[in-house]
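Per-entry structural report
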Amino acid sequence: MAPFAGYDMPINYPTGAVEEHLITRRAVGLFDIDHMGQLEISGPGADAFVARMVSAKVSDLAPPMARYSLLLDEPGGVIDDLFVYRFPNSWWIVVNASNRFTDLEWFRAHAPSDVTIVDRSDDTYMIAVQGPKAIELIDAVSDTPVSAIQRFCWGNIHIAGVPVLFGRTGYTGEDGGELFFPADRAIFLWEHLLERGLALGIETKPIGLAARDSLRFEAGMPLHGHEISREINPIEAGFKWACDFEKEFIGREALLAIIERGADRKLVGVEVFGGVPREGYEIAAPGGDVIGKCVAGMFCPSVKKYAANAFVRPEFAKSGTEVAVIIRGQPRNAVLVKRPLYVPAYRR
Amino acid sequence: MAIDASARYLESHEYAKPAGSDMLIGISDHAQAELGDVVFVELPSVGKELAKGSTFGTIESVKAASDLYMPISGKIVEVNEAVKGDPSLVNKDCYGQGWLIRVSPSNSAEFSSLLDAKAYGKAIGEE
């Protein structure tokens, strides 16, 4: 167990980080992600407000759609990345645990008087069910088949009498969903899913933070504080696609200026031979000059590589470029590679 | 925690275990449990001569990286290639298939100066 965003959370269960990762890619992993936050935004001014605040296009969202987006400040730094669900009469915004209060303050500071913002986090439990057999498992326990819910859409279902909001999305690169339900049913629902998985012969295991990290890393998804942060803009991190420049949003002008002059660093994938790259390790050019730094790195169990994400000077940022990663004082051979290392299910 | 009774230990958790006239070197069950899933092991070349206390390689887990220290002085006569290909052997069978290097000892007195199983047990019980 270790502290994470103010919560005490398992780095891994007795299964172990590597096996938990592999289980998620072959069967079903259960993730207790209740530390995450949920904000509900409503009122006559809500639609225009949400559109102005988040980077992605949301004006085309109608129930049951949802979409990934960034929350930027005026200089174009990433306050958070989040998932926006379009409900019939409100917006359901799912945020990182570490940024929940920052996001709430940011939204509230910018909200006009005809917008209501409610923090639903404490009453809402959140778990993720991810893996190639996740939909099969949820279908078997739900009163409404979730296989009928399209990717990046949501639906209201019941599992053993518990009302659940099911969002067909996730942070692993596998199929499955994120489940939102009343917090007082958490232990019941968690144990119910594990029991039913066992009864149905579907390998279902709880997954800790280490595997959560290696799963999202392989699938090319960012972790706030690493690939994106207040000090990193979406252009250098490769998230221009999450920004809709056709509309007005906070950070738009700053990003256009960055695009115009060119980003001064670029996020790249690095495959290392002869050691495990980790956050903070420097990247050196063949001549020895330091050209960048890792923001995340680890052993990747599915693709069986030792890899990192790093920001490097743009002139070095081409796939195939040979570099070195300084691991505990020693330069280790490495090469820049395309991300993601593992193609997410929704892209296959 | 399992402690192999035929081996002797450094406080840093490496063990030396007699195997014929050689010694097998590895890390203890306590060490592998603390490290978590081992994902990378770097070992020296066969033929290298190393002194007690010097580093002979690196072991990396999901959460940590550690140097490996020689519990005795000697010549590396064999390196466990299986562990290099499958580092999880250190977690699964640290005293058996998870051995790291085989050493021909250059100073037979050094083994007895290591912690025996009982003393090592006490040392980790106290940690």
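Keep in mind it's a predicted model, so treat the numbers as computed, not measured.

This paragraph deals with the overall build of chain A. Of regular secondary structure, chain A possesses eight helices and 19 strands. In terms of its C-alpha atoms, chain A occupies a principal-axis envelope of roughly 65 × 50 × 35 Å. Taken over 348 residues, chain A has a buried fraction of 45%. At a minimum sequence separation of 6, the contacts of chain A that also span at least 24 residues come to 66%.

A few words now on the sheet that holds strand β6 (residues 78–86) of chain A. Residue and element names in this part refer to chain A. Read from one edge to the other, the open sheet built from five strands follows the order β5-β6-β7-β4-β8, with strand pairing classed as antiparallel. Because the sheet does not close on itself, it has two edges, and the strands there are β5 (66–72) and β8 (116–119). Adjacent strand axes in the sheet meet at a mean angle of 30° when their direction is disregarded. Relative to β6, β5 runs antiparallel, the two being bridged by seven bridges. Paired with Y68 across the strands is F83, a residue of β6. Along the sheet, helix α2 (residues 46–53) contacts β4 (37–42), β5, β6 and β7 (91–95); its crossing angle with β4, the most-contacted strand, is approximately 130°.

This part is about the environment of A:D119. Residue and element names in this part refer to chain A. Summarising the element assignment, D119 is placed in strand β8. Between the C-alpha atom of D119 and that of D289, which follows or precedes it by 170 residues, the distance is 48 Å. Contact partners of D119, with chain neighbours within four places excluded, come to L39 and L104.

Moving on: the sheet that holds strand β6 (residues 55–61) of chain B. Residues and elements named next belong to chain B. Reading across from one edge, β4-β6-β7 is the order of the three strands in this open sheet, with antiparallel pairing throughout. For this open sheet the edge positions go to β4 (38–42) and β7 (65–69), each flanked by a neighbour on one side alone. When the angles between neighbouring strand axes are averaged without regard to direction, this sheet yields 25°.

Residues and elements named next belong to chain A. Each assigned domain of chain A is listed here: domain 1 (2–215) and domain 2 (264–338). The C-alpha centroid of domain 2 is placed 31 Å from the C-alpha centroid of domain 1. Taken together, the contact pairs six residues of domain 1 with four residues of domain 2. Breaking the side of domain 1 that touches domain 2 down by element, the ones donating at least two residues are α1 (17–26) and α6 (209–218).

What follows concerns α2(A). For α2(A), the full list of buried residues reads A:A46, A:F49, A:V50 and A:M53. End-on, the buried residues of α2(A) take up no more than an arc of 95°, which puts them together on one face.

Turning our eyes to something else, we now look at the interface of chain A and chain B. In many reports, interface size means the accessible area that the parts give up when they come together. Taken together, the contact between chain A and chain B spans 13 residues of the former and ten residues of the latter. Broken down by secondary-structure element, the contributors of at least two residues to the side of chain A that touches chain B are α1 and β16 (290–300) of chain A. The residue inventory of the side of chain A that touches chain B, partitioned by class, reads eight nonpolar, four polar and one charged.

Bringing the environment of A:R52 into the picture now. Residue placement: A:R52 occurs in helix α2. Those residues within four positions of A:R52 in sequence are excluded, and the remaining contacts are A:E248, A:F249 and A:I250.

Residue and element names in this part refer to chain A. At their nearest, the axes of helix α4 (residues 134–141) and helix α5 (residues 186–200) sit 10 Å apart, and the two run at 105° to each other. Here α4 is positioned roughly perpendicular relative to α5, judged by the angle of their axes. Contact with α4, carried on its side by L137, A140 and V141, involves L193, R196, G197 and L200 of α5 and no other residues of that element. Of the residues that constitute the contact of α4 with α5, the class distribution is five nonpolar, one polar and one charged.

A word on the confidence of the model for chain B. Mean pLDDT over chain B stands at 96; residues scoring 70 or higher make up 98%. ipTM for the predicted complex: 0.92, alongside a pTM of 0.96.

Formed by 133 residues in total, the largest nonpolar core has its most connected members in A:V84, A:V129, A:V270 and A:V325. Counting contributing residues, this core receives three or more from each of domain 1 (2–215) and domain 2 (264–338) of chain A.

What follows is about the environment of A:R196. Residue and element names in this part refer to chain A. Relative to the helices and strands, R196 resides in helix α5. Residue classification places R196 among the partly exposed residues on the basis of 17 C-beta atoms within 10 Å. Leave out the neighbours within four places in its chain, and R196 touches A140 and V141.

Our focus in this paragraph is the packing of α1(A) against α6(A). All names here are of chain A. The interhelical angle for the contact between α1 and α6, taken along N-to-C directions, is 55°, at an axis separation of 8 Å. Taken together, the axis directions place α1 and α6 in an arrangement best described as oblique. Here α1 and α6 pass one another in a crossing that is right-handed. Only A210, A211, S214 and L215 of α6 make contact with α1, whose side of the interface consists of A17, E20, H21 and T24. Among the residues making up the contact of α1 with α6, the classes are represented as four nonpolar, three polar and one charged.

Calculation rules
Residues numbered from 1 in each chain as written. Chains lettered and ligands numbered in written order. Predicted model: local features only at pLDDT ≥ 70, side-chain atom pairs only at ≥ 80, totals over all residues. Helix = DSSP H or I, 4+ residues; strand = E, 2+ residues; numbered from the N terminus. Buried ≥ 20, exposed ≤ 12 C-beta atoms within 10 Å, placed from the backbone. Contact = placed C-beta atoms within 7 Å. Pairing = 2+ DSSP bridges. Axes fitted to C-alpha atoms, helices over the stretch in contact; angles between N-to-C directions. Domains from an automatic or database assignment. Arc of directions from axis to C-beta. Nonpolar A, V, L, I, M, F, W, Y, C, P; charged D, E, K, R; others polar. Parallel < 35°, antiparallel > 145°, perpendicular 65-115°, else oblique. pLDDT = per-residue confidence, 0-100. Core = buried A, V, L, I, M, F, W, Y, C linked by C-beta atoms within 7 Å. Left-handed = near helix turned anticlockwise from the far one by under 90°.

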